[in-house]
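Residues per chain, in single letters:
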Amino acid sequence: MKDIANQYEILFITGNKHKYSEVLPIADRLGFRILMKPGYKLEIQSNKLEEISLTAALEAYKYLKKPLMVEDAGLFIDALNGFPGPYSSYVFKTLGCDGILKLMTGITTRNAVFRSVVTLIYPPFIIVEQGVCPGTIASEKRGERGFGFDPIFVPERDNRTFAEMSIEEKNRYSHRAKAVRKALQKLKKLLEQISDINLNAP
Ligand code: IMP
């Protein structure tokens, strides 16, 4: 079964090396070869991660015409009515972790979720999968690893921030790991079905 997936490469449309390092072991375990492809992710303005992810994937496919994957994520903070959500990238660049901690000063209900939507284009298949990681916003930054809001996000069932975890540990909980795993597992199943059909063809 591993060989079926491994025959094909999938481009991961991202310039984010951290995301790539997180996805690599998941893909590897399922037998897929993932290559990082920066410079092709169109960022549309939308309040829906699904729309952002699917549009970016279709746009990248127009140019590259190769199997590819796009992932779009956001941090949704309950006490801020879901802010920064789909605008997480801009908010990280402008306010950063410190800005979010400032906005949360005096707020005791610190629930938040990370959401990720993966779009996988592998003709004739288009697979869209979501991953959610519930947790809380820490009261201060902790840890040196990871990227983005990792130093201030504590996933449920742990008391460390993502930035205090190894990639393998973060992948046990993370939104991205869940979405990527689901999408690749689904693709693998479909590829296996196709190969069975071909093998059994008269
Ligand atoms: P993107 O548009 O998918 O790159 O994600 C938007 C922003 O959300 C990123 O720039 C990060 O600041 C933040 N983000 C997304 N996923 C993660 C994560 O796994 N850890 C920390 N921050 C993240």
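Source: prediction; values computed, not measured. (Residues numbered from 1 in each chain as written. Predicted model: local features only at pLDDT ≥ 70, side-chain atom pairs only at ≥ 80, totals over all residues. Heavy atoms only, no water.)

Colleague: Outline the nonpolar core, listing residues and values.
Modeller: Ile10, Phe32, Ile34, Met69, Leu120, Leu184 and Leu187 are the most contacted members of the largest nonpolar core, which totals 22 residues. Among the elements of the structure, β1 (9-12), α2 (17-30), β5 (111-122), β6 (125-137) and α7 (175-200) are those that each provide at least two residues to this core. Here this core gets 7 residues from one element, more than from any other, and that element is α7. Leu187 has contacts with Ile10, Phe32, Leu120, Tyr122, Phe125 and Ile127, leaving out every residue within four places of it along the chain. Leu75, Ile100, Ala112 and Phe153 belong to the second largest nonpolar core, which has 18 residues in total. (Core = buried A, V, L, I, M, F, W, Y, C linked by side-chain atoms within 4.5 Å. Buried < 20%, exposed > 50% of the residue type's maximum accessible area, 1.4 Å probe, protein only. Helix = DSSP H or I, 4+ residues; strand = E, 2+ residues; numbered from the N terminus. Contact = heavy atoms within 4.5 Å.)

Colleague: Could you give me a rundown of the pairing of β5, with the residues and numbers involved?
Modeller: Along any regular strand, the residues point their side chains to alternate faces of the sheet. Burial of β5 is extensive: 10 of the 12 residues sit out of reach of the surface. Judged from the 10 bridges that link them, strand β3 (residues 68-77) and β5 form a sheet pairing that is antiparallel. Residue Ala73 lies in a different strand from β5, and its bridge partner there is Ser116. Direction of pairing for β5 relative to β6: antiparallel, over a ladder of 12 bridges. By the bridge assignment for β6, Phe114 is matched with Cys133. Turn length for the β5-β6 hairpin, with the two strands adjacent in sequence and antiparallel, is 2 residues. (Pairing = 2+ DSSP bridges.)

Colleague: Could you give an account of the state of the cysteines, with specific residues and numbers?
Modeller: Two cysteines whose sulfur atoms are joined by a covalent bond form what is called a disulfide. Applying the stated criterion to the full structure yields 0 disulfides. Here Cys97 stays free of any disulfide, with the sulfur of Cys133 as its closest cysteine sulfur at 15 Å. Judged by relative accessible area, Cys133 falls into the buried class, the value being 2%. (Disulfide = S-S within 2.5 Å.)

Colleague: Now, about the packing of aromatic side chains: what can you tell me, with residues and values included?
Modeller: Counting across every chain of the model gives 4 aromatic pairs. Geometrically, the ring pair formed by Phe114 and Phe162 is stacked, given 6.1 Å between the ring centres and 20° between the ring planes. With Phe114 in strand β5 and Phe162 in the loop between β7 (153-155) and α6 (167-173), this pair connects stretches of sequence that are 48 residues apart. Using a relative accessible area of 1% as the deciding quantity, one classes Phe162 as buried. An aromatic cluster is built from Phe114, Phe153 and Phe162, whose rings are joined through pairwise contacts. Against the face of Phe76 rests Arg115, its NZ or CZ located 5.4 Å from the ring centre. (Phe/Tyr/Trp six-rings, centres within 6.5 Å; stacked < 30°, edge-to-face > 60°. Lys NZ or Arg CZ within 6 Å of the ring centre and 35° of its normal.)

Colleague: Would you mind going over the site of the ligand in detail, with residue names and values included?
Modeller: Taken together, 16 residues form the shell around the ligand, and within it Lys19, Ala73, Asp150, Lys170 and Arg176 come nearest. Lys170 has a polar side-chain atom sitting 2.8 Å from an oxygen atom of the ligand. Arg176 is positioned such that a nitrogen or oxygen atom in its side chain is 2.8 Å from a nitrogen atom of the ligand. Considering the ligand on its own, with 480 Å² of exposed area, one finds that the protein chains cover 92% of that surface. Elements with a minimum of two residues in the shell around the ligand: β3, α4 (88-94) and α7. A per-class count over the shell around the ligand returns 5 nonpolar, 4 polar and 7 charged. (Near = heavy atom within 4 Å. Polar contact = N/O pair within 3.5 Å; in protein donor to acceptor, adjacent residues only side chain to side chain. Areas by Shrake-Rupley, 256 points an atom, 1.4 Å probe, with all protein chains shown as cover. Nonpolar A, V, L, I, M, F, W, Y, C, P; charged D, E, K, R; others polar.)

Colleague: Mind laying out the environment of Lys178, listing which residues take part and the relevant values?
Modeller: Within the secondary structure, Lys178 is located in helix α7. A C-alpha to C-alpha distance of 15 Å links Lys178 and Lys188, two positions 10 residues apart in sequence. Ignoring anything within four residues of it in the chain, the contact list for Lys178 reads Gly131, Val132, Cys133, Pro134 and Tyr173. A distance of 3.3 Å separates the side chain of Lys178 from the backbone oxygen of Tyr173, its partner in a polar contact.

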